[in-house]
Amino acid sequence: MLYYELVFGMLFLPLIMIIYQIFPKRFRWVFLLVASVGYYFSFSLKLFIFLILATGITYSVGLILEKVSKERKDSLSLLKKDKNASKEEKAAIKAKFQRRSRLILVVGILLSLSSLLYLKYYNFFAENINLLAGAAEDSPVLPAKALALPLGISFYTMQAISYMADVYWGKFEAQRNPFKLLLFLSFFPTIIEGPIALYADMKDKLYVGEAIDPDNVIKGYTRFIWGVSKKLVIADRLNPAVVYLFDPANKTKGLEVIVAAVLFTVMEYMDFSGCMDMVIGIAMIFGIQLPENFRQPFLARNASEFWRRWHISLGVWFKTYIFYPVSMSSLAKKWNKFARGKVNKHMTMVVASAMALLPVWLCNGLWHGPKWTYIFYGVFYFVVILLEVLLEPVGDKLLALLHTSKENKVVNVIRILKTWIIIFAGELFFEADSLTEGFRMVRDIGKGFKLSILWNGTALEWGLDKYDWAVVAFALVIVIIVNIIREKDVDVTGALLRRPLPVRWGLVLSLLLVLTIFGCYGPGFEEVDLIYAGF
């Protein structure tokens, strides 16, 4: 029962809303937990044990970390009362408890990652170890295993790690109710594709149990239906063309390669951002604000900005829990100390950035899945972003020579178009069947390059007819207009709520009508799984 299915939006969600509203305020979070567990069970009953295991580890580590922190404070308080205590003694106590807390956190993170690494990556590493060892297929060093991947394991594992790290840093007190922590990790709108929510942002709303506000219902359902429309009207309709163009058997070449990269990027964006609209809308109904995961990413002027606008919650997670810790690590400090007076400031910063960015982008690639194309995708952005940092002074000097600036409208357009090339190139390898196929497609761009394929009927061989292309084009224009309005900081939903009640509900019903007429479902259409649900 996925978010975009009729039974979810018209039966499951309204039923949850009614029962939630009936429950006493202080028990509403309990019902949300029951609904979340029930939703998880609808996909897999057996694999729920992994979510329980993750919750148990996260809960225990949080309490232990808090206990150690309290012992540290008590020890320092006693030492303060001792007038003969030296600074060295205080430093020794701080270091002792710091080592203990860090060890507990590391153990907690490793335990949390163990299930994910085994279930998601075992076969990938086994395959590559067997290749390196030259093992025959009938006698592998590490045999392949049939492993089932629990729903949302990548997302709830990252939330669990962020929770433990934040308790370690003292951002909030550890949750003493394990069932409340289970709700945080399993909240049904976020369990499939995120966004990756932080406990600090969720704890004040998730357990309050405020009554459902009619305005929130309109806002939430409008956002929900908007997201379903992006998926069913655009993403799913483009799927046959994407499948055809990326099929190695079809040997896509020439302009088709560029079209393949563009169509997949559009499809992925509409699928993933559409899902985010759905889950943010669902949470909004219950008065819970989830973090935005997209902010008009195709208006970014460089790769770094693109990742501040695309899958924002993942980027924030990597920045907070990998980039910053590495930036403040002893290795980074040693480099800065060594480079002082020997290397110019810009190159010092470039090397320091490389140290912190490399693990971020390797993890980003691996997070998407056990494929070399995903790892290459991460390394690709590492190289591109590092080059942007390295060449920034050159770009500034060039703009100065031209007597212009980055804020110039023409310069902005050029920078955006340059970023599109980076985005499409990355997505080409992201979706390619293999690295070999990805490089083959890039190499064959120059073979039989013909613009005429866009109008001579070739596009009708990719699984879409003229009606499909027209619907996609019209829907894309609407999405682009809405995104431009949002880029100007106009609250589209807020503007809707200021309209009379008939207008508000009229828009909701209009969206439903559009979805009913143009959505991809029923005979002749294949259901397309949510892309990021597999990550």
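Here is a short report on the structure shown in this document.

Cut-offs applied
- Residues numbered from 1 in each chain as written.
- Predicted model: local features only at pLDDT ≥ 70, side-chain atom pairs only at ≥ 80, totals over all residues.
- Heavy atoms only, no water.
- Helix = DSSP H or I, 4+ residues; strand = E, 2+ residues; numbered from the N terminus.
- Rg over C-alpha atoms; globule rule 2.2 N^0.38 Å.
- Buried < 20%, exposed > 50% of the residue type's maximum accessible area, 1.4 Å probe, protein only.
- Areas by Shrake-Rupley, 256 points an atom, 1.4 Å probe, with all protein chains shown as cover.
- Lys, Arg positive; Asp, Glu negative; His and termini not counted.
- Charge placed at Lys NZ, Arg CZ, Asp CG, Glu CD.
- Core = buried A, V, L, I, M, F, W, Y, C linked by side-chain atoms within 4.5 Å.
- Contact = heavy atoms within 4.5 Å.
- Salt bridge = Lys/Arg side-chain N within 4 Å of Asp/Glu carboxyl O.
- Axes fitted to C-alpha atoms, helices over the stretch in contact; angles between N-to-C directions.
- Parallel < 35°, antiparallel > 145°, perpendicular 65-115°, else oblique.
- Left-handed = near helix turned anticlockwise from the far one by under 90°.
- Nonpolar A, V, L, I, M, F, W, Y, C, P; charged D, E, K, R; others polar.
- 1 Å grid on protein atoms, 1.4 Å probe; cavity = no way out; pocket = protein on both sides within 12 Å on 5 of 7 lines; lining within 4 Å.
- Points joined across faces, edges and corners; volume = space filled by probe spheres on them.
- Patch = residues over 30% accessible without salt bridge, like charges linked within 9 Å, V, L, I, M, F, W, Y side chains within 5 Å.

1. Section: the overall build of the chain
Move 1: A count of helical and extended segments in the chain gives 19 helices and zero strands.
Move 2: Relative to the globule expectation of 24 Å for 535 residues, the C-alpha radius of gyration of the chain, 26 Å, shows essentially globular dimensions.
Move 3: Dimensions of the chain, computed from C-alpha atoms along their principal axes, come out at roughly 90 × 65 × 65 Å.
Move 4: Per-residue burial over the chain gives 48% buried out of 535 residues.
Move 5: Put simply, the chain shows about 27,000 Å² of open surface, and 67% of that area lies on carbon and sulfur atoms.
Move 6: Charged side chains of the chain number 59 positive and 44 negative; the gap between the two group centres comes to 11 Å.

2. Focus: the nonpolar core
Move 1: Tyr3, Phe188, Phe286 and Tyr381 are the most contacted members of the largest nonpolar core, which totals 156 residues.
Move 2: Broken down by element, this core gets its largest block of residues, 21 residues, from helix α9 (residues 255–285).
Move 3: In this structure Phe188 touches Tyr3, Phe8, Phe12, Ile16, Leu32, Ser36, Tyr39, Ile282 and Phe286, once residues within four positions along its chain are discounted.

3. Points about the pattern of salt bridges
Two side chains bearing opposite charge may form a pair once their charged atoms approach each other closely.
Move 1: Counting across every chain of the model gives 23 salt bridges.
Move 2: Glu388 is the salt-bridge partner of Lys418, the closest N and O atoms lying 3.9 Å from each other. Here Lys418 is found in helix α15 (residues 409–431), whereas its partner Glu388 is found in helix α14 (residues 372–401), with 30 residues between them in sequence.
Move 3: For Lys418, a relative accessible area of 34% puts it in the partly exposed group.
Move 4: Salt bridges linked by common partners bring Arg301, Glu305, Arg309, Glu407 and Glu487 together as one network.

4. Points about the packing of helix α8 (residues 214–246) against α9
Move 1: With their axes 7 Å apart at the nearest point, α8 and α9 run at an angle of 155° to one another. With respect to α9, the axis of α8 lies roughly antiparallel. In this structure, α8 crosses over α9, and the sense of that crossing is left-handed.
Move 2: Of the residues that constitute the contact of α8 with α9, the class distribution is 26 nonpolar, seven polar and eight charged.

5. Quick word on the layout of surface pockets
Left-over empty space is what a probe sized like a water molecule reveals as it rolls over the atoms.
Move 1: The calculated volume of the largest pocket comes to roughly 1,200 Å³.
Move 2: Every residue lining the largest pocket is counted, 35 residues in all, and those nearest its centre are Asn302, Ser304, Ile385, Glu388 and Val389.
Move 3: Breaking the lining of the largest pocket down by element, the ones donating at least two residues are α10 (303–309), α11 (312–327), α13 (345–368), α14 and α15.
Move 4: With 11 residues, α14 is the largest single contributor of residues to the lining of the largest pocket.
Move 5: Counted as a void, the second largest pocket has a volume near 830 Å³.

6. Focus: the packing of α8 against helix α19 (residues 501–518)
Move 1: At their nearest, the axes of α8 and α19 sit 10 Å apart, and the two run at 20° to each other. Judged by the inter-axis angle, α8 sits roughly parallel to α19. Crossing angle aside, the handedness with which α8 passes α19 is left-handed. Packed against α8, whose contacting residues are Asp215, Ile218, Thr222, Ile225, Trp226, Val228, Ser229, Leu232, Val233 and Arg237, the element α19 presents Leu501, Arg504, Trp505, Val508, Leu511, Leu512, Leu515 and Phe518 at the interface.
Move 2: Across the contact of α8 with α19, the residue classes break down as 13 nonpolar, two polar and three charged.

7. Let's talk about a positive patch on the surface
Move 1: Side chains of Lys80, Lys87, Lys90 and Lys94 sit close together on the surface and give a patch of like positive charge.
Move 2: Locating Lys87 in the fold gives a position in helix α4 (residues 87–133).
Move 3: Look at Lys87 and you get exposed, because its relative accessible area is 72%.

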